[in-house]
Amino acid sequence: MSSPSTNALYTDLSGYYDLMCAEINYQAQSDHVRRLHQIFGNKGQNHLDLACGTGPHVRHFLDFGYQSSGLDINQPMLLQAKERCPEAQFTLKDMCRFSVEQPLDLITCFLYSIHYSDGIEKLKECINSVYNALNTKGVFCFNVVDKNKIENNSLVRHTAEYDNSHFVFSSGWYYAGSGEKQSLKLNIEKTTQDETQLWQDEHPMVALSFHELEKLLQPYFEVHIFEHDYEKIMLWDNVSGNAIFTCVKI
Ligand SMILES: C[S@@+](CC[C@H](N)C(=O)[O-])C[C@H]1O[C@@H](n2cnc3c(N)ncnc32)[C@H](O)[C@@H]1O
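Taking an unreviewed UniProt entry as the reference, the protein is identified by name as Methyltransferase type 12 belonging to Psychromonas ingrahamii.

Spelled out as structure tokens, the structure:
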């Protein structure tokens, strides 16, 4: 299971989650992965989004014509996903330990959520669950960050107005330089009239290099690593610290 703090985080966050992610181009991300799937996949259209959150990617995949479904460990996030995608099936499960009744053609995991596999052993369990759930030539596609390329002081920040309040969201990775854990720091500032509330979270997530990850995947998949650019399909340049892994079940 993921740590209780992860679940508490998303229970707290579920009401603000879409606001926090308002600047993310979910359409472009989904479309990019659809193109990768067209190139590498088996032409089947059974899709599962791991750690689907409030379901924005599932919405796009349904609209593309996929039989799309979602899995997440947090019930309040899934309730919102169901509202967004009433025709889809959502399952409350841990992505490190799941199985499916119908084999799948595409499994995705967006927004670095694969790192919620809390440690290398959990990540191996996640990879194993994905492998067992896929059809032959099924594709597993996710984005990930290389622990050795993390800039500890770099924060992504954005602001939003909602419900008569001003919000400042900021997030950034932290890696201490050794071991298999990194953390995601999240800060939310909510100002209503003159009163500001500050909300902060930091919890452990799996840390590894792209080469370590590739080694874990290679017994099961043909692994392609692409630049983290949702506009173009370009092979990873061996330099950048974010990438999109596209793994085809052997
Ligand atoms: C950063 S959000 C990403 C949501 C969505 N993929 C997106 O792109 O907006 C991370 C999600 O991962 C879920 N999560 C965390 N640990 C998980 C686990 N072990 N299994 C399944 N979902 C998990 C959280 O509940 C949360 O909804």
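Caption draft 1: Seen up close, the site of the ligand. Around the ligand, the surrounding shell holds 20 residues, and the nearest of these are Tyr17, Tyr26, Ala51, Asp72 and Asp94. For the ligand, a nitrogen atom lies 2.7 Å from a polar atom in the backbone of Ala51. With respect to the ligand, the backbone of Met95 contributes an N or O atom lying 2.9 Å from a nitrogen atom. Relative to its free-state accessible area of 600 Å², the ligand is covered by the protein chains to the extent of 98%.

Caption draft 2: Here's a closer look at the UniProt feature "domain: Methyltransferase" (unreviewed entry) in the protein. Taken from the UniProt record, the annotation "domain: Methyltransferase" (unreviewed entry) applies to residues 48-138. Taken end to end, residues 48-138 is 36% helix and 26% strand, and its two terminal C-alpha atoms sit 11 Å from one another.

Caption draft 3: Expanded view of the domain arrangement of the protein. Partitioning the protein into structural domains gives domain 1 (4-146 + 209-249) and domain 2 (148-205). Look at where the C-alpha atoms of domain 1 and domain 2 centre, and you get two points 22 Å apart. Across the boundary between the two partners, domain 1 contributes 23 residues, which contact 22 residues of domain 2. With both sides pooled, the region where domain 1 packs onto domain 2 buries about 2000 Å², and carbon together with sulfur makes up 65% of that total. Two residues, Lys181 and Asp118, come together in a salt bridge whose shortest N-O distance is 3.3 Å. Here domain 1 is connected to domain 2 by eight residue pairs in polar contact (both at pLDDT 80 or more). Among the elements of the structure, helix 1 (4-13) and helix 2 (17-20) are those that each provide at least two residues to the side of domain 1 that touches domain 2. For the side of domain 1 that touches domain 2, the element with the most residues is helix 1, which contributes five residues.

What counts, and at which threshold
- Residues numbered from 1 in each chain as written.
- Predicted model: local features only at pLDDT ≥ 70, side-chain atom pairs only at ≥ 80, totals over all residues.
- Heavy atoms only, no water.
- Near = heavy atom within 4 Å.
- Polar contact = N/O pair within 3.5 Å; in protein donor to acceptor, adjacent residues only side chain to side chain.
- Areas by Shrake-Rupley, 256 points an atom, 1.4 Å probe, with all protein chains shown as cover.
- UniProt positions renumbered as here; feature names shortened; annotations may be inferred.
- Helix = DSSP H or I, 4+ residues; strand = E, 2+ residues; numbered from the N terminus.
- Domains from an automatic or database assignment.
- Contact = heavy atoms within 4.5 Å.
- Buried area = accessible area lost by both parts, 1.4 Å probe.
- Salt bridge = Lys/Arg side-chain N within 4 Å of Asp/Glu carboxyl O.

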